[in-house]
Amino acid sequence: MREAIRIADDSVEHGGGPFGAVIVKDGKIVAATSNSVTLDFDPTAHAEVNAIRTACRQLNTFDLSGCTIYSSCEPCPMCLGAIYWAKIDRIFYGNNRKDAARISFSDDFIYKEIDRPKYRRAVPIIPLLRDEALHTFSNWSAKSDKTEY
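Described below are features of the structure shown in this document. (Residues numbered from 1 in each chain as written. Predicted model: local features only at pLDDT ≥ 70, side-chain atom pairs only at ≥ 80, totals over all residues. Heavy atoms only, no water.)

The next subject is the overall build of the chain. When you go through the chain residue by residue, the secondary structure sums to seven helices and four strands. Counted from the first residue to the last, the chain has its helices and strands arranged as α-β-β-α-α-β-α-β-α-α-α. Pairs at least 24 residues apart make up 46% of the contacts formed inside the chain by residues separated by at least 6 positions. As displayed, the chain has an accessible area near 10200 Å², and 55% of this comes from carbon and sulfur atoms. Of the side chains in the chain, 19 bear a positive and 20 a negative charge, and the two mean positions are spaced by 4 Å. (Helix = DSSP H or I, 4+ residues; strand = E, 2+ residues; numbered from the N terminus. Contact = heavy atoms within 4.5 Å. Areas by Shrake-Rupley, 256 points an atom, 1.4 Å probe, with all protein chains shown as cover. Lys, Arg positive; Asp, Glu negative; His and termini not counted. Charge placed at Lys NZ, Arg CZ, Asp CG, Glu CD.)

Right, dumping it as structure tokens:
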């Protein structure tokens, strides 16, 4: 956790966001990254997502089972989703989402937004061409040589 906090501090010093993340497997750091949203012009470049990308490349896998992530702040909904998709075993965090809200990061807003019915969300979410889209799922389901994830 101290390394994640150190990386977050370093990020602030070098123009990045105040977030750091470290992924550990078998007692060894396999990824240590900061938030680079403003540096990379990428709204998905949160510390946790960057760490997942780095760890997956380092370990040559998309399945991070057996790994632990240390984040300087409670993961936002996007990062939490990515952590679950990566199958990371455990999450430790420093600051919480209320702390993030106090410095103008809207993670808590997104957590609340997810709980709202689709028709009441700030960004409209509208189904379109489902019957056509289902064709792709049928193709995937029938494919015998797919890599499951």
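So much for the structure itself; the text now carries on.
Right, let's talk about the packing of aromatic side chains for a bit. Applying the stated criterion to the full structure yields four aromatic pairs. Relative to Tyr 149, the ring of Phe 62 has its centre 6.2 Å away and its plane inclined at 75 degrees; by these criteria the two rings are edge-to-face. You can see Phe 62 sitting in the loop between helix H3 (47-59) and strand E3 (67-73) and its partner Tyr 149 sitting in the segment after helix H7 (130-142), a full 87 residues away along the chain. Classification of Tyr 149 as exposed rests on a relative accessible area of 66%. Ring geometry for Trp 140 and Tyr 149: centres 6.4 Å apart, planes at 70 degrees, overall edge-to-face. Since its relative accessible area comes to 36%, Trp 140 is described here as partly exposed. Just above the ring of Tyr 111 sits the side chain of Arg 97; from NZ or CZ to the centre is 4.0 Å. Positioned over the ring face of Trp 140 is Lys 146, at 5.4 Å from the centre of the ring. (Phe/Tyr/Trp six-rings, centres within 6.5 Å; stacked < 30°, edge-to-face > 60°. Buried < 20%, exposed > 50% of the residue type's maximum accessible area, 1.4 Å probe, protein only. Lys NZ or Arg CZ within 6 Å of the ring centre and 35° of its normal.)

Attention shifts here to unusual backbone geometry. Positive phi is not limited to glycine here, since Asp 26 has a value of about 50 degrees. By the secondary structure assignment, Asp 26 is in the loop between strand E1 (20-25) and strand E2 (28-34). Assessed through its relative accessible area of 70%, Asp 26 is described here as exposed. Residues other than glycine seldom take positive phi values, yet Ser 104 does so here, at roughly 75 degrees.

Quick look at the layout of surface pockets now. In this approach, a probe sized like a water molecule rolls over the atoms, and the result shows the empty space that is left. Its boundaries defined by the atoms lining it, the largest pocket holds a volume of some 240 Å³. Broken down by secondary-structure element, the contributors of at least two residues to the lining of the largest pocket are helix H2 (37-40), H3 and helix H6 (107-115). Its residues assigned to classes, the lining of the largest pocket comprises ten nonpolar, five polar and three charged. (1 Å grid on protein atoms, 1.4 Å probe; cavity = no way out; pocket = protein on both sides within 12 Å on 5 of 7 lines; lining within 4 Å. Points joined across faces, edges and corners; volume = space filled by probe spheres on them. Nonpolar A, V, L, I, M, F, W, Y, C, P; charged D, E, K, R; others polar.)

In this section: the sheet that holds E3. In space, the four strands of this open sheet follow the order E2-E1-E3-E4, with mixed pairing throughout. The open sheet has two free edges, formed respectively by E2 and strand E4 (90-95), since each of these has just one partner strand. Direction aside, neighbouring strands of the sheet carry axes that sit 15 degrees apart on average. Looking at chain direction, E1 and E2 are connected through six bridges and run antiparallel. Residue pairing for E2: Lys 25 is matched across the bridge by Lys 28. Packed onto the sheet, helix H1 (residues 2-13) meets E1, E2 and E3 and runs at close to 150 degrees relative to E1. Most of the contacts of H3 go to E2, to which it runs at about 140 degrees, and overall it touches E1, E2 and E3. (Pairing = 2+ DSSP bridges. Axes fitted to C-alpha atoms, helices over the stretch in contact; angles between N-to-C directions.)

Turning our attention to the nonpolar core. Core analysis: the biggest nonpolar cluster contains 18 residues, and Ile 23, Ile 52, Ala 55, Leu 64, Ile 69 and Ile 88 have the highest contact counts within it. Among the elements of the structure, E1, E2, H3, E3 and helix H4 (77-86) are those that each provide at least two residues to this core. A total of five residues in this core trace back to one element, the largest contributor, which is H3. Every residue in contact with Ile 88, bar those within four places of it in the chain, is listed here: Ile 23, Ile 52, Leu 64, Cys 67, Thr 68, Ile 69 and Ile 83. (Core = buried A, V, L, I, M, F, W, Y, C linked by side-chain atoms within 4.5 Å.)

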